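Reading the structure
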Amino acid sequence: MFIIKCPYCGERDHSEFSYGGEAHLVRPKQPTELSDDQWAEYLFMRKNIKGLQYERWNHSHGCRRWFNAARDTSNDKIHSVYKIGEKPNK
Amino acid sequence: MKKKYSIFALIKNSLSYHENWQRAWRDPEPKKEYDAVIVGGGGHGLATAYYLAKEHNLKNIAVVEKGWIGGGNTGRNTTIIRSNYLWDASAGLYDHALKIWENLSQELNYNVMFSQRGVMNLAHNQHDVRELKRRTHANRLNGIDCDWLNVEQVKKFCPIINCSPNIRYPVMGSTLQRRAGTARHDAVAWGYARGADSMGVDIIQNCEVKGIKRNGNSIEGIETTRGFIKTQKVGVVAAGHSSVIANMAGLRLPLESKPLQALVSEPIKPIIDTVVMSNAVHAYVSQSDKGELVIGAGTDSYISYTQKGTHEIIEGTLKAILELYPIFSRLRMLRQWGGVVDICPDASPIISKTSIKGLYFNCGWGTGGFKATPGSGHLFAHTIAKDEPHALNAAFNINRFISGDLVDEHGAAAVAH
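Residues numbered from 1 in each chain as written. Chains lettered and ligands numbered in written order. Predicted model: local features only at pLDDT ≥ 70, side-chain atom pairs only at ≥ 80, totals over all residues. Heavy atoms only, no water.

**Considering the overall build of chain A**
Along the backbone of chain A there are one helix and six strands. Counting only residues that meet the buried cut, chain A has 38% of its 90 residues in that class. By sequence separation, contacts in chain A at least 24 residues apart represent 47% of the contacts at least 6 residues apart. Within the structure as shown, chain A displays about 5500 Å² of accessible surface, and the carbon and sulfur contribution to it stands at 47%. (Helix = DSSP H or I, 4+ residues; strand = E, 2+ residues; numbered from the N terminus. Buried < 20%, exposed > 50% of the residue type's maximum accessible area, 1.4 Å probe, protein only. Contact = heavy atoms within 4.5 Å. Areas by Shrake-Rupley, 256 points an atom, 1.4 Å probe, with all protein chains shown as cover.)

**Some remarks on the overall build of chain B**
On a plain count of helices and strands, chain B comes out with eleven helices and 20 strands. Here the C-alpha atoms of chain B give a radius of gyration of 21 Å, agreeing with the 22 Å that 2.2 N^0.38 yields for 417 residues. In terms of overall dimensions, chain B has a C-alpha envelope of 65 × 60 × 40 Å along the principal axes. The proportion of buried residues among the 417 residues of chain B is 59%. Relative to all contacts within chain B whose residues are 6 or more apart in sequence, the contacts with residues 24 or more apart total 75%. Taken as a whole, chain B presents about 17300 Å² of accessible surface, with 52% of it coming from carbon and sulfur. Of note, chain B has its 47 positive side-chain charges centred 3 Å away from the centre of its 38 negative side-chain charges. (Rg over C-alpha atoms; globule rule 2.2 N^0.38 Å. Lys, Arg positive; Asp, Glu negative; His and termini not counted. Charge placed at Lys NZ, Arg CZ, Asp CG, Glu CD.)

**What about the confidence of the model for chain B?**
With 98% of its residues at a pLDDT of 70 or more, chain B shows a mean pLDDT of 95. Scoring of the predicted complex yields 0.96 for pTM and 0.95 for ipTM. (pLDDT = per-residue confidence, 0-100.)

**Regarding the pairing of strand S14 (residues 256-265) of chain B**
Residue and element names in this part refer to chain B. Counting buried positions along S14 gives nine out of ten residues, so the element sits mostly inside the fold. Sheet topology note: the S14/strand S18 (residues 333-343) ladder contains ten bridges and is antiparallel. Across the sheet, the residue bridging to Leu260 is Gly339, located in S18. Looking at chain direction, S14 and strand S17 (residues 293-299) are connected through four bridges and run antiparallel. Within S17, the position partnered with Ala262 by the bridge is Gly296. (Pairing = 2+ DSSP bridges.)

**Thoughts on the pattern of salt bridges**
Tallied over the full model, the rule gives 25 salt bridges over all chains. Via salt bridges that share partners, Asp95, Lys99, Glu102, Asp145 and Arg179 of chain B belong to a single interconnected network. (Salt bridge = Lys/Arg side-chain N within 4 Å of Asp/Glu carboxyl O.)

**Some remarks on the environment of Gly72 of chain B**
Residues and elements named next belong to chain B. Turning to its location among the elements, Gly72 is positioned in the loop between strand S3 (61-64) and strand S4 (80-81). Residue Gly72 is classed as partly exposed on the basis of its relative accessible area, which comes to 29%. Residues Gly72 and Ala238 lie 166 residues apart in sequence; the distance between their C-alpha atoms is 9.2 Å.

**Some details on the sheet that holds strand S1 (residues 33-34) of chain B**
Residue and element names in this part refer to chain B. Strands sit in the order S1-S12-S11-S10 across an open sheet of four strands; the sheet is mixed. Looking at strand neighbours, the two that pair on one side only are S1 and strand S10 (209-215), the edges of this open sheet. Inspection of the sheet shows S10 paired to strand S11 (residues 218-224) by six bridges, in the antiparallel sense. Bridge assignment links Asn215 to a residue of S11, and that residue is Ser218.

**Some words on the nonpolar core**
Where a protein is soluble and globular, its nonpolar side chains tend to be buried together. Residues and elements named next belong to chain B. By size, the foremost hydrophobic cluster in this structure holds 47 residues, and its most contacted members are Trp101 and Tyr192. Those elements that provide at least two residues to this core are strand S2 (36-39), helix H2 (43-55), S3, helix H3 (88-102), helix H4 (104-108), helix H7 (185-198) and helix H10 (373-386). Ranked by residues supplied to this core, first place goes to H2 with seven residues. Apart from the residues within four sequence positions on either side, Trp101 is in contact with Ile81, Val112, Phe114, Ala183, Val188, Phe370, Lys371, Thr373 and Pro374. Counting residues in each nonpolar core, the second largest holds 31 residues, with Val39, Val64, Ile398 and Phe401 among its members. (Core = buried A, V, L, I, M, F, W, Y, C linked by side-chain atoms within 4.5 Å.)

**Details of the state of the cysteines**
All names here are of chain A. The full count for this structure, using the stated rule, is zero disulfides over all chains. With no disulfide of its own, Cys63 lies 3.6 Å from the sulfur of Cys9, the closest cysteine sulfur. When its relative accessible area of 27% is taken as the criterion, Cys63 is described as partly exposed. (Disulfide = S-S within 2.5 Å.)

**Comments concerning the pairing of strand S5 (residues 119-123) of chain B**
Residue and element names in this part refer to chain B. By the criterion of burial, S5 is predominantly enclosed, with five of the five residues buried. Burial of the side chains of S5 extends over both faces: Val119, Asn121 and Ala123 are buried on one face and Met120 and Leu122 on the other. Bridge count for S5 against strand S7 (residues 173-177) is five bridges, and the pairing is antiparallel. Each bridged residue has a counterpart across the sheet, and for Val119 the counterpart in S7 is Gln177. Sheet topology places S5 next to strand S15 (residues 275-278); four bridges connect them, and they run parallel. Considered in S15, the bridge of Leu122 is made with Ser278.

Below, the structure written as structure tokens:
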């Protein structure tokens, strides 16, 4: 159980949010030119990091907007949140 | 040589106050080199080592475990065993395991307390009824026993289920696999460990893998907290941490690791002599031999390696349990815990070679790996020894995510992943 700071609404319990998985996966620009390997990489393969991970969240029971978070998956501590389109603070 | 467990051994050892039992397995120092190393000393890993030694005549094998054997998901599950899966590939895989379970205590000379008390899967709406009837037929076509029970039969088979038509999700019928049931989770790990050890397998605990050494496209060995171990074959059975190990070898896997919770109640007198699962309301319950109700909750939605889930998940499960079994309303819960499960996009496991020669993965069992322990070890041992999959695990290769030939058990597995 943890608190997530929505960049639009502030701190809320995580149960107000929906998880969107690994962030910064870019949909291929030319899907027709991809090999099956490349499709599998985009669709299925995940970093599944134990440690600091960049991921997407949606404030589904609040402002309903998407944003990104940098969270440590080994202890669920959120290090920073940032808006869609922005780069994470390293 | 291991001494056999028997009634005579029990009497003999009782005369010396049970102080002279032989050690069940040794605690060896790691050797410099092994023919094969299994990473992960849970049930699946220990079973793999056991069958490598027994059926493939490999004697120089080690199992390395970062904690203690059976201390991960083997010790954290709800011990349910069944094989009523929809697709042919899954039916073959899980029924292979169930058949081994049926003789496992005799085979290992270790009581794994396998109890074929039956598993029910409840239907709560018309769609469930159609799906579960379809699964009943599919199971029978695959030679797996499965019966359909109407509401009266459900009430007769398990009287404490609330079969009132007035509850939010009324019970409309159920499947019943009579050969299914439960087993003692620790005993499975310990039985396989004892069996493997007696054939010379080194079980090395408190030994965490820190790196995988490659020479081009083949394996040279593993770096561990207890030094470098040279080997040409590495079988990884690391459950929730599979991606962490894969990362060391420069591989990517289609896995997400999430916390899955379970809980047990205070012990009560025998009240439920079967296993009841419900996919639609996500509640499943059985009773242990100690008398505790064993209740499985769901996974959290996000990736986490914390071995603890959130309270809402438990609350949701207990709400469903209370509606289905009002008789439990004043029962107190005793313990709650979480395990980290590695989930594949198609909710089926991977038992496969990889693009690196000598590196094999057995992972992706998600929320339902315990039932497959003996079969998983048996097939993974075959895959490692022969460097090619057994017919029963050929469909569970890692390349299915490239070819698109998925084994989609999301709907067919008994509880949602």
